[in-house]
Amino acid sequence: MNRLAKAMTIAGSDSGGGAGIQADLKTFHQFGVYGTSAITAVTVQNTLGVTGVYPLPTEAVAQQMHEVLRDIGTDAAKTGMLFNAEIIEAVSREISHFDVKKLVVDPVMIAKGGAKLLQDEAIAALKRFLLPLAEVITPNLPEAEFLSGLRIETPEQMREAARAIHQMGPRHVMMKGGHLQGDAIVDILYDGRDFFEMEHERVPTRHTHGTGCTFSAALTAELAKGTPLVEAVDRANRFIVEAIRTAPQIGGGHGPTNHWAAVK
Ligand SMILES: Nc1ncnc2c1ncn2[C@@H]1O[C@H](COP(=O)(O)OP(=O)(O)OP(=O)(O)O)[C@@H](O)[C@H]1O
Ligand SMILES: Cc1ncc(CO)c(N)n1
């Protein structure tokens, strides 16, 4: 067997199991990657929504990262729900200290039902401390609007916002176009020079809980294995579409995707 690739997720716990840490670890496993975690907050959630958010002490987040990274190490890492500015600063410090180069930042801000997973005043810390360390940031359109301060209603405005976000320091911007109308979903990847457009089908379903987490976890797993970025994005896209298409119909609300989805 080849050396086992390792990936770390730094994110919130979703008790319902479809998003956050749980989605990330299930996805790492499905990609054959050994997963480790640093939990930033415990959320009380099911498929109907979020009813509680309990952030951990900043020191607990930093210690989880420190102890895992100094012993086990990691080939890639991703961040999800970080909740506040203090946690963002501490996470950025550990990422720099251990020189984690393949960092995927999923700038989680609000859950689908509207619950706040990032405090408003933490956006400045995200831009200042974390984005310059990212290999790739994966905003959806509302997140890209918040970060760039621009309105995004057309593909051209997506490209404009990607340029603005790239200026904040990440080496690549992978902007997910799912929130624009249309039968097809067009995502764009920007490396500071060229735009790569990727189109895939839109699956008609309400079972999309944790799609952003699952997509960025798949991307992180591929990067951990050494897959080049454009190919890693393509594989992660194929995985999330298949996971949505074969969602297991769990719960009475927005159910999780199928973390056992197989992609060739
Ligand atoms: N109905 C759908 N059909 C096909 N692909 C989808 C669908 N919904 C989302 N996706 C894809 O899943 C990926 C992540 O989705 P999205 O941007 O909606 O995540 P998100 O809003 O961050 O999700 P969450 O906050 O629940 O984790 C994107 O690549 C997007 O194109
Ligand atoms: C813990 C957590 N992270 C991220 C999301 C966004 O899907 C969520 N609902 N819960």
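A quick note: this is a predicted structure, and the numbers were derived from the prediction, not measured.

## Some points on the site of ligand 1
Phase 1 of the analysis: Taken together, 21 residues lie around ligand 1, and N140, K176, V203, T211 and G212 are the ones closest in.
Phase 2 of the analysis: Looking at the shell around ligand 1, the elements with two or more residues in it are β8 (184-190), α7 (211-224) and α8 (229-245).
Phase 3 of the analysis: The class makeup of the residues in the shell around ligand 1 is eight nonpolar, nine polar and four charged.

## Topic: the confidence of the model for the chain
Phase 1 of the analysis: On average, residues of the chain carry a pLDDT of 96, and 100% of them reach 70 or more.
Phase 2 of the analysis: ipTM for the predicted complex: 0.95, alongside a pTM of 0.97.

## Brief notes about the site of ligand 2
Phase 1 of the analysis: In the vicinity of ligand 2 there are 14 residues, among which G12, A19, G20, M81 and A111 approach most closely.
Phase 2 of the analysis: Elements with a minimum of two residues in the shell around ligand 2: β1 (6-14) and α7.
Phase 3 of the analysis: A per-element tally of the shell around ligand 2 places β1 first, with three residues.
Phase 4 of the analysis: Of the residues belonging to the shell around ligand 2, the class tally is seven nonpolar, six polar and one charged.

## Comments concerning unusual backbone geometry
Most peptide bonds take the trans configuration, and most residues that are not glycine carry a negative phi.
Phase 1 of the analysis: Phi at F83 takes a positive value of approximately 70°, unusual for a residue other than glycine.
Phase 2 of the analysis: In this fold, F83 is placed in the loop between β4 (76-79) and α3 (85-97).
Phase 3 of the analysis: Backbone geometry at Q249 places phi at a positive 55°, although glycine is not the residue there.
Phase 4 of the analysis: Position of Q249 relative to the elements: it lies in the segment after α8.

Rules behind the numbers
- Residues numbered from 1 in each chain as written.
- Chains lettered and ligands numbered in written order.
- Predicted model: local features only at pLDDT ≥ 70, side-chain atom pairs only at ≥ 80, totals over all residues.
- Near = placed C-beta within 6 Å.
- Helix = DSSP H or I, 4+ residues; strand = E, 2+ residues; numbered from the N terminus.
- Nonpolar A, V, L, I, M, F, W, Y, C, P; charged D, E, K, R; others polar.
- pLDDT = per-residue confidence, 0-100.

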